[in-house]
Amino acid sequence: MEITYASPSSQNLSSSSQRSSSNVSMPAARPVKVIPLQHPETTSSSSAASSFGASVSKRIGNFKRMTWIQWIETFLPCSRWIRTYKWREYFQVDLMAGTTVGIMLVPQAMSYAKLAGLQPIYGLYSGFVPIFVYAIFGSSRQLAIGPVALVSLLVSNVLGGIADSSDESYTELAILLALMVGIFESIMGLLSHAVISGFTTASAIVIALSQAKYFLGYDVARSSKIVPLIKSIILGADKVGDIPQGLPNFSIPKSFECAMSLIPTAILITGVAILESVGIAKALAAKNGYELDSNQELFGLGVANILGSFFSAYPTTGSFSRSAVNHESGAKTGLSGVITGIIMACALLFMTPLFEHIPQVSYQCALAAIVVSAVMGLVDYDEAIFLWHVDKKDFLLWTITSITTLFLGIEIGVLVGVGASLAFVIHESANPHIAILGRLPGTTVYRNTQQYPEAYTYHGIVIVRIDAPIYFANISFLKDRLREYEVDVDRSTRRGPEVERIYFVILEMAPVTYIDSSAVQALKDLYQEYKSRDIQIAISNPNHEVLLTLSKSGVVDLIGKEWYFVRAHDAVQVCLQHVQSLKETANAPYPLPDDKLSFLQRLLKSRGEDLSIAELESGAQRPPDFKDTDPKLEPLLYRKS
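Quick caveat: nothing in here was measured; it's all calculated off a predicted structure.

Q: In this structure, what is going on with the overall build of the chain? I would like to understand it.
A: Of regular secondary structure, the chain possesses 27 helices and twelve strands. By element, 60% of the accessible surface of the chain is carried by carbon and sulfur atoms, the whole surface being about 29900 Å².

Q: Would you mind showing me how to read unusual backbone geometry here?
A: Excluding glycine, residues mostly carry a negative phi; peptide bonds, for their part, are mostly trans. Despite not being glycine, Ser255 shows a phi value in the positive range, around 60°. Among the structural elements, Ser255 can be located in the loop between helix H12 (226-235) and helix H13 (259-288).

Q: Help me understand the nonpolar core in this model?
A: In globular proteins that are soluble, nonpolar side chains generally tend to be buried together. Judged by nonpolar contacts, the single largest core of 55 residues is most densely connected at Ile461, Ile470 and Leu507. A per-element tally of this core places helix H25 (residues 568-586) first, with eight residues. For Leu507, the residues in contact, after removing those within four places along its chain, are Val464, Leu482, Leu523, Ile537, Ala538, Ile539 and Ser540. Membership of the second largest hydrophobic core comes to 28 residues, among which are Tyr134, Ala285, Ala345 and Leu348.

Q: In this structure, what is going on with a nonpolar patch on the surface? I would like to understand it.
A: On the surface, Trp68, Ile69, Trp71, Ile72, Phe75, Leu76 and Ile136 cluster together to form a nonpolar patch covering roughly 670 Å² of accessible area. The element that contributes the greatest number of residues to the nonpolar patch is helix H3 (residues 68-75), accounting for five residues. Structurally, the position occupied by Phe75 is in helix H3. Overall, the relative accessible area of 51% leaves Phe75 in the exposed class.

Q: Explain helix H5 (residues 87-115) to me, please; I cannot follow it from the model alone.
A: Note that an α-helix has 3.6 residues per turn; residues three or four places apart therefore point the same way. An ideal rise of 1.5 Å per residue puts 42 Å on 29 residues; H5 measures up with 39 Å between its terminal C-alpha atoms. Within H5, the axis deviates most sharply at Leu105, by approximately 30°, and proline Pro107 lies no more than four positions further along.

Q: Would you mind going over the packing of aromatic side chains with me for this structure?
A: The relative placement of two aromatic rings is captured by the distance of their centres and the angle of their planes. A complete count under the given rule lists 15 aromatic pairs for this structure. Residues Tyr85 and Tyr90 carry aromatic rings whose centres are separated by 5.6 Å and whose planes lie at 75° to one another, so their mutual orientation is edge-to-face. Both residues of the pair, Tyr85 and Tyr90, count as buried. Taking 5.6 Å as the distance between ring centres and 85° as the angle between the ring planes, the aromatic pair formed by Phe128 and Phe132 counts as edge-to-face. Cluster of aromatic residues (ring-pair linked, three or more members): Trp81, Tyr85, Trp87, Tyr90 and Phe91. Over the face of the ring belonging to Tyr456 we find Arg495, whose NZ or CZ atom lies 3.7 Å from the ring centre.

Q: Quick question: what am I supposed to make of the sheet that holds strand S12 (residues 564-565) here?
A: Within a sheet, adjacent strands bond to each other through the backbone by hydrogen bonds, running parallel or antiparallel. Strand order in the open sheet made by the six strands is S6-S5-S8-S10-S11-S12, with mixed pairing throughout. The open sheet has two edge strands with one neighbour each: strand S6 (446-448) and S12. Sheet topology note: the strand S10 (residues 504-508)/strand S11 (residues 536-540) ladder contains five bridges and is parallel. Bridge pairing links Phe504 to Gln536 in S11.

Q: Can you walk me through the confidence of the model for the chain in this structure?
A: A low pLDDT score tells you not to read the predicted coordinates there in detail. Of the residues in the chain, 67% have a pLDDT of 70 or more, and the chain-wide mean is 75. For residues 1-34, every residue scores under 50 in pLDDT, and the model assigns this stretch 94 contacts once sequence neighbours within four places are set aside. Low confidence marks residues 40-52, where pLDDT is under 50. Its contacts with residues over four positions away, or in another chain, come to ten contacts.

Q: Mind showing me how you'd approach the packing of helix H8 (residues 149-159) against helix H9 (residues 168-185) here?
A: Running from N to C, H8 and H9 cross one another at 130°; their axes reach a closest spacing of 11 Å. Put simply, H8 runs oblique to H9. Here H8 and H9 pass one another in a crossing that is right-handed. Contact with H8, carried on its side by Val155, Ser156 and Leu159, involves Tyr170, Leu173, Ala174 and Leu177 of H9 and no other residues of that element.

Q: When you look at the pairing of S11 in this model, what are you seeing that I'm missing?
A: For a regular strand, the rule is simple: side chains alternate between the two faces of the sheet. Taken across its five residues, S11 has five buried, putting it largely inside the fold. Viewed along the sheet, the connection from S10 through helix H22 (residues 517-532) into S11 turns out right-handed. By the bridge criterion, two bridges tie S11 to S12 in an arrangement that is parallel. In the strand pairing of S12, Ser540 is matched with Phe565.

Q: What is the right way to read H9 from this model?
A: Under the 1.5 Å per step criterion, the end-to-end length of H9 is 26 Å for 18 residues, consistent within 8% with the ideal 26 Å. Here H9 lies mainly inside the structure; 14 of its 18 residues are buried.

Q: What is the right way to look at the pairing of S10 in this model?
A: With five of five residues buried, S10 lies mostly within the body of the structure. Alignment of strand S8 (residues 461-466) against S10, held across five bridges, turns out to be parallel. When the bridges of S10 are listed, Ile461 appears paired with Phe504.

Q: It is not clear to me how the packing of helix H21 (residues 475-487) against H22 should be interpreted in this structure. Could you clarify?
A: In a pair of packed helices, the angle between the axes and the distance between the axes together describe the arrangement. The geometry of H21 relative to H22 is characterised by a closest axis approach of 10 Å and an angle of 25° between their N-to-C directions. Looking at the two axes, H21 sits roughly parallel to H22. Relative to H22, H21 is oriented so that their crossing is right-handed. Where H21 approaches H22, its residues Ile475, Lys479, Leu482, Arg483 and Glu486 are matched on the opposing element by Ala519, Ala522, Asp525, Leu526, Glu529 and Tyr530. Counted by class, the contact of H21 with H22 contains six nonpolar, no polar and five charged residues.

Q: Just to check I follow, could you spell out the pattern of salt bridges for this structure?
A: Between side chains of opposite charge, a pair can form when the charged atoms approach closely. Counted according to the given criterion, the structure contains seven salt bridges. The closest approach of N and O atoms between Glu428 and Lys393, which form a salt bridge, is 2.2 Å. Placement of the pair is Glu428 in helix H20 (residues 410-430) and Lys393 in helix H19 (residues 392-408), with a sequence separation of 35 residues. Taking relative accessible area as the criterion, Glu428 reaches 39% and is therefore assigned partly exposed. Taking the relative accessible area as the measure of exposure, Lys393 reaches 38% and is therefore partly exposed.

Q: Can you walk me through the side chain of Ser319 in this structure?
A: Relative to the helices and strands, Ser319 resides in the loop between strand S4 (317-318) and helix H15 (320-328). Judged by its relative accessible area of 4%, Ser319 falls in the buried class. Sequence-distant contacts of Ser319, that is, excluding residues within four places in its chain, are made with Ala144 and Val148.

Q: Would you explain the environment of Gly271 in this entry?
A: Mapped onto the fold, Gly271 is located in helix H13. Sequence separation of Gly271 and Val414 is 143 residues, and the distance between their C-alpha atoms is 7.9 Å.

Calculation rules
Residues numbered from 1 in each chain as written. Predicted model: local features only at pLDDT ≥ 70, side-chain atom pairs only at ≥ 80, totals over all residues. Heavy atoms only, no water. Helix = DSSP H or I, 4+ residues; strand = E, 2+ residues; numbered from the N terminus. Areas by Shrake-Rupley, 256 points an atom, 1.4 Å probe, with all protein chains shown as cover. Core = buried A, V, L, I, M, F, W, Y, C linked by side-chain atoms within 4.5 Å. Buried < 20%, exposed > 50% of the residue type's maximum accessible area, 1.4 Å probe, protein only. Contact = heavy atoms within 4.5 Å. Patch = residues over 30% accessible without salt bridge, like charges linked within 9 Å, V, L, I, M, F, W, Y side chains within 5 Å. Salt bridge = Lys/Arg side-chain N within 4 Å of Asp/Glu carboxyl O. Expected span 1.5 Å × (residues − 1). Bend = angle between axes of the 7 residues up to and from the residue. Phe/Tyr/Trp six-rings, centres within 6.5 Å; stacked < 30°, edge-to-face > 60°. Lys NZ or Arg CZ within 6 Å of the ring centre and 35° of its normal. Pairing = 2+ DSSP bridges. pLDDT = per-residue confidence, 0-100. Axes fitted to C-alpha atoms, helices over the stretch in contact; angles between N-to-C directions. Parallel < 35°, antiparallel > 145°, perpendicular 65-115°, else oblique. Left-handed = near helix turned anticlockwise from the far one by under 90°. Right-handed = clockwise from strand over helix to strand, strands pointing away. Nonpolar A, V, L, I, M, F, W, Y, C, P; charged D, E, K, R; others polar.

Structure follows, in structure tokens:
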């Protein structure tokens, strides 16, 4: 037996039901289950404040329910792998991975410091304290942080315009920049997967080409662009120095008077850090089967840079090449990072006098082979093929990011990739999916008629589902589509009383999570436009926040409480009865006394002439027999008297 759910707009439902039931004809086989619908203005004016308070109380309650272990895991993510560490299974691979990355990091850190315009010792400092801090506060178990080429290039390009690299102030500014980057990293957000994949692919190619100098035996210019790298490989170049000994001393960053001029650079480096660190950390976490908290990851990077700045480090972030080597070497936990940090400490204490005499040809050639072998695994052509088959827009985004990163540099690739991603998001938001709904045979379920061709609609009624928030960017698109649906209707699958045009537009608003003031005004305009053409709007299943906005703006009263429903089916039942009454009015042999009344007045007066729901849904034209009316089966929303 089918049950019809009604959604009364009046709180005094019982009395209203007794007054109205004598005028309506319904089939005796369909019981009704009444669901009260409370309108927003019946609640207290402090509902928004109470909602916020409830949210805060819920969060406080969650905190109170947290165990001491959960508190520790929240503030010290390293405790998650420490508690479950399998010494026999993990320690050997962590030791090998940490040692391998440490051996890579020592020469890379020195050369990247020179690239940044700093003395090589500051590269070693940057690969020391931040590694230990990140191992404690970071959430990735394979990400290898430290100096990287791109950040070093950015530091050199920006600081070179402020101070001479031989001045002490240049070093102070680089250290201050690390502090600022650490602060900014704590507040950054999430990224598109296609941007990350395209960026990773192009960057891997650039990194691999940058290692060519170790195979060829001469220097190659450091660049984030593919064309200068290839040109430098063809032309060839040549370039060294000594390194002081000992661990870094604690010191507070200086030159705060220049902080304002460093903010744009700090933000740019932070954005690059997110791509280089969070991007590769997410990929590594997925490959190793654990969850990665993006917020915790950024917090860990931020703390590593903040504390590193107190030990003479310049900005650090996750490294593609070293993270790839760390992963391929079998690293299981953050202990591999701790081991890398220990190797850096040993290098600072005991090995710096020896670096000047290391024969670079054989050593660097082997190192380059490791880097190239590791980063080529980051060339994600499988992702490109997958995106081509699944989503052409994401494939286009992948292609744009890859090409711009290859030919215009990583920093430009970052900006273009993120910009293109935002443009796609805005386009999708401004052109949301809208569906015409039809009723599935034998049910009270309404679905997209294009997805379910067997679903049927009713004459004189259009049911439209809006699958997105409604706001200023998409309201014009929505209004245009609604006008199209009013004119372009498919009559082949329609049922119910036959009429020549649309009299009702039902907006199914269950997917609408938000509506702004521009959309509210547009709804008012649309209502007036429809009213001038004798078309009534009905609203189905709006959520509490949307209903609250419509109520505060006066849209609920403008449209009428009686035209708000719990389900689309309830709205259809009401509209079907009105469509039948309009048809009978139009077919009357003589002009009726009220033939000049407005559309809404005719609707209100026609209630006693409605057919039963079952007859209307099937398209039957038999007038109702009022003596068979069952007043307990009223499915309609009660209108104002």
